[in-house]
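# Architecture at a glance
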Amino acid sequence: MVDVATILAGFGDAFTLWNLMFVLFGVVVGQFVGAVPGIGPVMAMAIAIPFTFGLDTLPAIAFLVGVNKGGLVGGAVPAVLMNTPGTPDAAATALDGYPLARKGKPLKATKMALFSSITGDTFSDIVLITVSAPLAILALRMGPVEVFALMIFAFAVLSGLIGNSLFKGIIAAALGLLAASIGADPEHYTPRLIFGHYEVYDGLPLASVAIGMLAISEILRRLSQIRGRMRPAIVVVETDDPNDKRVTWAEYWGCRYTMLRGASIGTVLGALPGIGSTAAAFMSYAATKAGSKEPETFGKGNLHGIAAAESANSAVVGANLIPLLTLGIPGSVGAALIISAFMIHGVQPGPLLFQDQGRLIYGLFGAMVLANFMNLWVGQLGLRFWIKVVSAPESMIFASALLLCIVGVSMATGGLFGVAVMLMFAALGYLMTAFGYSVVIFIIAFFLGPRFEISLSQSLAITNGDLTKIANYPIALVLLGLAVASFIWFLSRSKVDEADT
Amino acid sequence: MTKTADRASGALFVVLGLALYFYVFPNNIETVDSGWVYPSTIPNAVAIVLIVCGAILTVKTTQQGLPPAREFGMALVFLALLSLGIWLVSVVGFLLAAPIIAPALMLAIGERRLLWLALGCFATPALIWFFVVQLLDRSLP
């Protein structure tokens with residue numbers, strides 16, 4: 001168990017001026033990119049990772065967490081003003097936010113989104129801080145056999161939950177494992193699938209794959225959809241009533257149960273790998289509407305609709321770190337990017353993290369709490385400015401983002417070879433998205449690939465190559481059973497979907 | 001059209017899996033006779049998964065639609081532009097290449113306003129230079 005001195009030292013690290021600056025910078029960048037439709041926090045995090053190399057681990061991770069959290073707040077701005085969510089997570093926010101903005105209350109709608117987002121986020125951070133250390137102690141009792149079984153289970157769940165087909169999910173995971181197997185194999189250290197390029201002897205560079213698949217491929221998709229004319233600027237209509245520009249305490253307090261329900265849904269779904277904040281937001285919205293005495297007012301500018309969506313999608317961010325910090329398994333792309341930042345800074349996520357790097361983890365928790373406060377302050381001050389940002393031309397935004405990707409990957413990989421790899425994965429990511437294969441599963445499988453192979457090797461060594469000995473490992477048996485059950489359930493669900501169609 | 005997309009990608013993965021299993025892996029992975037997991041174990045398993053799941057997908061299709069051909073074409077154009085830009089960076093360096101790449105991309109996107117083009121041409125590369133070279137003390141490609 002982590003001692004109190006380590007916890008206090010960690011929180012003390014987070015509250016230094018240097019860290020505060022990076023959290024603040026991350027939140028500002030996050031809110032800015034969240035407000036620009038098409039960029040979003042995930043792409044911003046992918047682009048930002050190489051630029052954090054020169055930093056110590058805590059400010060680097062704190063900055064990325066700030067970007068992620070800020071992005072969720074910023075994503076609500078275009079959702080409310082343009083009915084075009086800056087991030088997919090904010091799609092449910094647009095259902096009531098946009099009608100409210102059309103009534104001349106854009107600031108009221110964005111402020112409600114801000115307050116409920118921070119409420120949900122703080123709730124899930126408290127859960128994360130409370131449960132992750134005890135869960136990590138449990139996870140420490142897991143040996144290679146259990147870890148291997150856990151990964152099989154994670155792959156089964158991710159393949160079934162993300163995307164529209166279980167088999168496409170499995171193919172995406174297989175492709176991720178294939179990409180991860182490029183380079184020296186972990187047992188014999190013989191070069192594998194390097195085709196004479198010794199630059200990839202240690203494996204494909206994380207930055208190239210992540211930025212290519214997540215940022216460049218998405219930019220390519222957005223660019224290919226633009227049809228000649230630049231997006232017009234937004235005309236924001238406001239009334240003169242000051243109450244239409246703020247959220248009163250009575251209005252906020254009136255949404256407390258809605259936000260509590262949303263935060264609970266977001267936290268539970270966020271702790272499970274693969275479900276994601278978009279699903280949480282819609283689930284919370286649906287639950288709130290179903291439980292409302294005035295369901296007919298939803299979709300017409302009801303504050304409860306905004307509160308439900310934003311509290312749920314923001315609560316996912318903190319909860320996503322529960323499987324990452326306790327098991328080393330990322331539950332979302334955002335978490336996968338944070339895991340890659342950990343690895344780039346020489347920190348191996350997993351149950352040993354609390355034992356080996358307890359101070360860093362509690363520093364991260366401190367930074368997360370700080371990021372929530374910063375989100376509130378920056379949001380209060382910056383909402384009017386982010387409203388202007390929404391109308392920035394896409395040509396400028398995307399051209400700058402592409403240049404940043406080239407520079408970032410070149411810095412991360414020490415040359416242009418990594419940039420060429422990035423382009424190849426951008427093309428692969430674009431094609432995968434176009435054909436309905438999840439790049440999220442690909443990236444998670446790519447991150448987990450080496451550990452998966454090592455766990456398999458260790459499991460076979462422990463059981464002396466006799467797989468029937470898995471019967472001596474009850475946790476592994478349960479996890480494998482759950483993996484099979486999930487597979488069968490997803491298979492039967494897809495049959496039901498087909499019948500419905 | 002919707003079923004064609006899944007059938008085509010499924011068939012592609014069957015062919016890819018077969019090519020990997022029978023040609024690419026035997027020629028590019030060293031054969032090792034000791035140990036628990038051979039270097040080819042995971043890649044071979046992946047190839048088998050691709051063949052099996054690809055085959056299933058050709059039969060068990062989803063409602064996946066494809067973007068219009070124009071969008072594929074535009075994506076290809078932007079990818080080609082980026083490749084050219086990266087080649088240019090390798091020849092003349094980022095500082096000289098960026099003021100050409102940025103406005104070229106902006107023009108391809110459809111930007112025609114001179115002010116924004118000028119900003120893309122000069123301000124963006126200058127800001128990146130300031131951030132990377134001056135603040136982070138790292139070199140540009």
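Calculation rules
- Throughout this description, residue numbers start from 1 for each chain and increase along the sequence as written.
- Here every chain gets a letter starting at A, and every ligand a number starting at 1, in the order they are written.
- With the structure being a predicted model, the display of local features is reserved for residues of pLDDT at least 70 and the display and counting of side-chain atom pairs for 80 or more, all residues being used for whole-chain, interface and lining totals.
- Water and hydrogen atoms were dropped before computing side-chain values, which therefore reflect all heavy atoms in the structure.
- Runs of H or I in DSSP of at least four residues are treated as helices and runs of E of at least two as strands, each being numbered from the N terminus.
- Each radius of gyration is computed over the set of C-alpha atoms, and the globule rule expresses the reference value as 2.2 Å times the number of residues to the power 0.38.
- Whether a residue is buried, partly exposed or exposed follows from its accessible area with a 1.4 Å probe, protein chains only, as a fraction of its type maximum: under 20%, in between, or over 50%, in that order.
- The contact definition used throughout considers only heavy atoms, calling two residues in contact when any of these lie within 4.5 Å.
- Residue-level accessible areas treat just the shown protein chains as cover; the underlying method is Shrake-Rupley with a 1.4 Å probe.
- Under the convention used here, Asp and Glu are negative, Lys and Arg are positive, and both His and the chain ends fall outside the count.
- A charge is said to be at NZ when it belongs to Lys, at CZ for Arg, at CG for Asp and at CD for Glu.
- Put simply, the grid is 1 Å and covers the protein atoms alone, a cavity is a trapped set of points that fit a 1.4 Å probe, a pocket is an open set with protein on both sides within 12 Å along at least five of seven lines, and lining residues have an atom within 4 Å of a point.
- Grid points are joined across faces, edges and corners, and a volume is the space filled by probe spheres set on the points.
- In this count, Pro and Cys sit with the nonpolar residues alongside Ala, Val, Leu, Ile, Met, Phe, Trp and Tyr, while Asp, Glu, Lys and Arg are called charged and the others, Gly among them, polar.
- Simply put, the buried area is the total loss of 1.4 Å probe accessible area from both parts when two parts are fitted together.
- Just to be clear on terms, a salt bridge is a Lys or Arg side-chain nitrogen sitting within 4 Å of an Asp or Glu carboxyl oxygen.
- The term polar contact refers here to a pair of N or O atoms within 3.5 Å; inside protein, the definition further demands a hydrogen-donor-capable atom paired with an acceptor-capable atom, and it admits residues adjacent in sequence only when both atoms are side-chain atoms.
- In summary, the pairing rule links any two rings of Phe, Tyr or Trp, Trp by its six-membered ring, whose centres are within 6.5 Å, and it sorts them by plane angle into stacked for under 30 degrees, edge-to-face for over 60 and tilted for everything else.
- Each ring is checked for a lysine NZ or an arginine CZ that lies within 6 Å of its centre and within 35 degrees of its normal; such an atom marks a charge sitting over the ring.
- Multiplying one less than the number of residues by 1.5 Å gives the expected span of a helix.
- Residues with no salt bridge and a relative accessible area higher than 30% make up the patches, which join like charges within 9 Å and nonpolar side chains (Val, Leu, Ile, Met, Phe, Trp, Tyr) within 5 Å.
- Axis geometry follows a simple rule: fit a line to the C-alpha atoms, using only the stretch in contact for helices, then measure angles between N-to-C directions, giving values from 0 to 180 degrees.
- Throughout this description, any angle smaller than 35 degrees is read as roughly parallel, any larger than 145 degrees as roughly antiparallel, any in the 65 to 115 degree range as roughly perpendicular, and the remainder as oblique.
- The sense of a crossing depends on the near helix, which, turned anticlockwise from the far helix by less than a right angle, makes the crossing left-handed and, turned clockwise, makes it right-handed.
- Domain ranges listed in this record stem from an automatic or a database domain assignment.
- By nonpolar core is meant a set of buried Ala, Val, Leu, Ile, Met, Phe, Trp, Tyr and Cys residues that side-chain atoms within 4.5 Å join together.

A few words on the overall build of chain B. Helix and strand counts for chain B stand at five helices and zero strands. Each helix and strand of chain B, ordered N terminal to C terminal, gives the series α-α-α-α-α. Relative to the 2.2 N^0.38 estimate, which gives 14 Å for 141 residues, the radius of gyration of chain B is 23 Å and therefore markedly larger than a compact globule would have. If one aligns the C-alpha atoms of chain B with their principal axes, the spans along those axes are about 55 × 45 × 25 Å. Taken over 141 residues, chain B has a buried fraction of 38%. For chain B, the proportion of contacts with a sequence separation of at least 24, taken over those separated by at least 6, is 61%. When the accessible surface of chain B is summed, it comes to about 7400 Å², and 72% of that surface belongs to carbon and sulfur atoms. Positive and negative charge centroids in chain B, built from 7 and 6 side chains respectively, lie 16 Å apart.

This next bit is on unusual backbone geometry. For residues other than glycine, phi is negative in most cases, and the peptide bonds are mostly trans. Residue and element names in this part refer to chain A. In the Ramachandran plot, Leu193 falls in the positive-phi region, its phi being about 55 degrees despite a non-glycine side chain. Checked against the element boundaries, Leu193 lands in the loop between α8 (166-180) and α9 (206-225). Accessibility expressed as a relative area gives 5% for Leu193, which makes it buried. Positive phi outside glycine occurs at Phe195, with the angle close to 50 degrees. On the secondary structure map, Phe195 appears in the loop between α8 and α9.

All names here are of chain A. This model, assessed by the stated rule, comprises two cavities of 30 Å³ or more. Its volume calculated, the largest cavity comes out at about 50 Å³. Considering the residues around the largest cavity, the lining is formed by Val145, Phe148, Leu456, Ser459, Leu460, Thr463, Leu467 and Ile470. Among the secondary structure elements, those contributing two or more residues to the lining of the largest cavity are α7 (144-161) and α19 (439-462). The greatest single-element share of the lining of the largest cavity, amounting to three residues, is contributed by α19. The class makeup of the residues in the lining of the largest cavity is six nonpolar, two polar and no charged. In this structure, the second largest cavity occupies an estimated 30 Å³ of space. Lining the second largest cavity, in full, are Ala46, Ile49, Leu206, Ala207, Ala210, Ile211, Leu337, Ser340 and Ile344. Of all the secondary structure elements, the ones that give two or more residues to the lining of the second largest cavity are α9 and α14 (333-344).

Here we come to the interface of chain B and chain A. Accessible area lost on assembly of the parts is the figure often given for the size of an interface. Across the boundary between the two partners, chain B contributes 70 residues, which contact 67 residues of chain A. Buried surface at the junction of chain B and chain A, summed over both partners, amounts to about 6000 Å²; 76% is from carbon and sulfur atoms. Applying the counting criterion to the chain B and chain A interface returns one salt bridge. In this structure, Lys168 of chain A and Asp6 of chain B form a salt bridge, with 2.6 Å as the shortest nitrogen-oxygen distance. The interface formed by chain B and chain A contains 10 residue pairs in polar contact (both at pLDDT 80 or more). For the side of chain B that touches chain A, the secondary structure elements donating two or more residues are α1 (2-28), α2 (41-59), α3 (69-92), α4 (94-109) and α5 (114-135) of chain B. Residue contributions to the side of chain B that touches chain A peak at 12 residues, all from α3 of chain B. Residues of the side of chain B that touches chain A, tallied by class, amount to 45 nonpolar, 17 polar and eight charged.

A few words now on the packing of aromatic side chains. Residue and element names in this part refer to chain A. Considering all chains together, one arrives at 21 aromatic pairs over all chains under this definition. Their ring planes at 80 degrees and their centres at 5.8 Å tell us that Tyr285 and Phe298 sit as a pair that is edge-to-face. Here Tyr285 is found in helix α12 (residues 277-291), whereas its partner Phe298 is found in the loop between α12 and α13 (303-327), with 13 residues between them in sequence. Here Tyr285 and Phe298 have matching classes, each one buried. Measuring from centroid to centroid gives 6.2 Å for Phe354 and Tyr362, while their planes differ by 75 degrees, and the two rings are edge-to-face. Note on Phe354: relative accessible area 6%, which makes it buried. Through a chain of ring-to-ring contacts, the aromatic side chains of Phe11, Phe354, Tyr362 and Phe365 assemble into a single cluster. Here the basic side chain of Lys168 rests over the ring of Tyr437, its NZ or CZ set 5.3 Å away from the ring centre.

Right, let's get into α4 of chain B. With 16 residues, α4 of chain B extends 21 Å from end C-alpha to end C-alpha; this agrees with the ideal 22 Å at 1.5 Å per step. Regarding α4 of chain B, the residues found buried are Phe94, Ala97, Ala98, Ile101, Ala102, Pro103, Leu105, Met106 and Ile109 of chain B. The secondary structure elements touched by the buried residues of α4 of chain B are α9 and α17 (394-413) of chain A together with α3 and α5 of chain B. Phi for Gly110 of chain B, located one or two positions after α4 of chain B, is positive at around 125 degrees.

All names here are of chain B. Taken together, the side chains of Leu18, Tyr21, Phe22, Ile48 and Val52 define a hydrophobic patch exposed on the protein surface, amounting to about 450 Å² of accessible area. With three residues, α1 is the largest single contributor of residues to the nonpolar patch. Locating Tyr21 in the fold gives a position in helix α1. On the accessibility criterion, Tyr21 (31% relative accessible area) is partly exposed.

This brings us to the packing of α3 of chain B against α4 of chain B. All names here are of chain B. Between α3 and α4, the shortest axis-to-axis distance is 8 Å and the interhelical angle comes to 165 degrees. Taken together, the axes of α3 and α4 lie roughly antiparallel to each other. Our pair here, α3 against α4, has a crossing hand that is right-handed. Between α3 and α4, the residues in contact are Met74, Phe78, Leu81, Gly85, Leu88, Val89 and Val92 and Phe94, Leu96, Ala97, Ile100, Ile101, Ala104, Leu105, Ala108 and Ile109, respectively. Residue composition of the contact of α3 with α4, by class: 15 nonpolar, one polar and no charged.

Let us look at the domain arrangement of chain B. Examined at the domain level, chain B breaks down into domain 1 (2-59) and domain 2 (69-135). Computed from C-alpha coordinates alone, the two centres of domain 1 of chain B and domain 2 of chain B are separated by 38 Å.

With that settled, the discussion passes to helix α2 (residues 17-35) of chain A. Taking 1.5 Å of rise per residue, the 19 residues of α2 of chain A would be expected to cover 27 Å, and the 27 Å separating its terminal C-alpha atoms lies within 8% of that figure. Residues of α2 of chain A that are buried include every one of Asn19, Phe22, Val23, Gly26, Val27, Gly30, Gln31, Val33, Gly34 and Ala35 of chain A, and no others.

Once that is clear, we can look at the nonpolar core. In terms of nonpolar packing, the biggest core is built from 154 residues, with Leu204, Ile216, Leu325, Phe342 and Phe442 of chain A touching the most fellow members. Formed jointly, this core draws a minimum of three residues from each of two domains, domain 1 (2-59) and domain 2 (69-135) of chain B. Setting aside residues no more than four positions away along its own chain, Leu325 of chain A makes contact with Leu128, Phe342, Gly350, Pro351, Leu353, Phe354, Ile361 and Phe365 of chain A. Among the nonpolar cores identified, the runner-up in size contains 33 residues, and Val23, Ile118, Cys255 and Ala307 of chain A belong to it.

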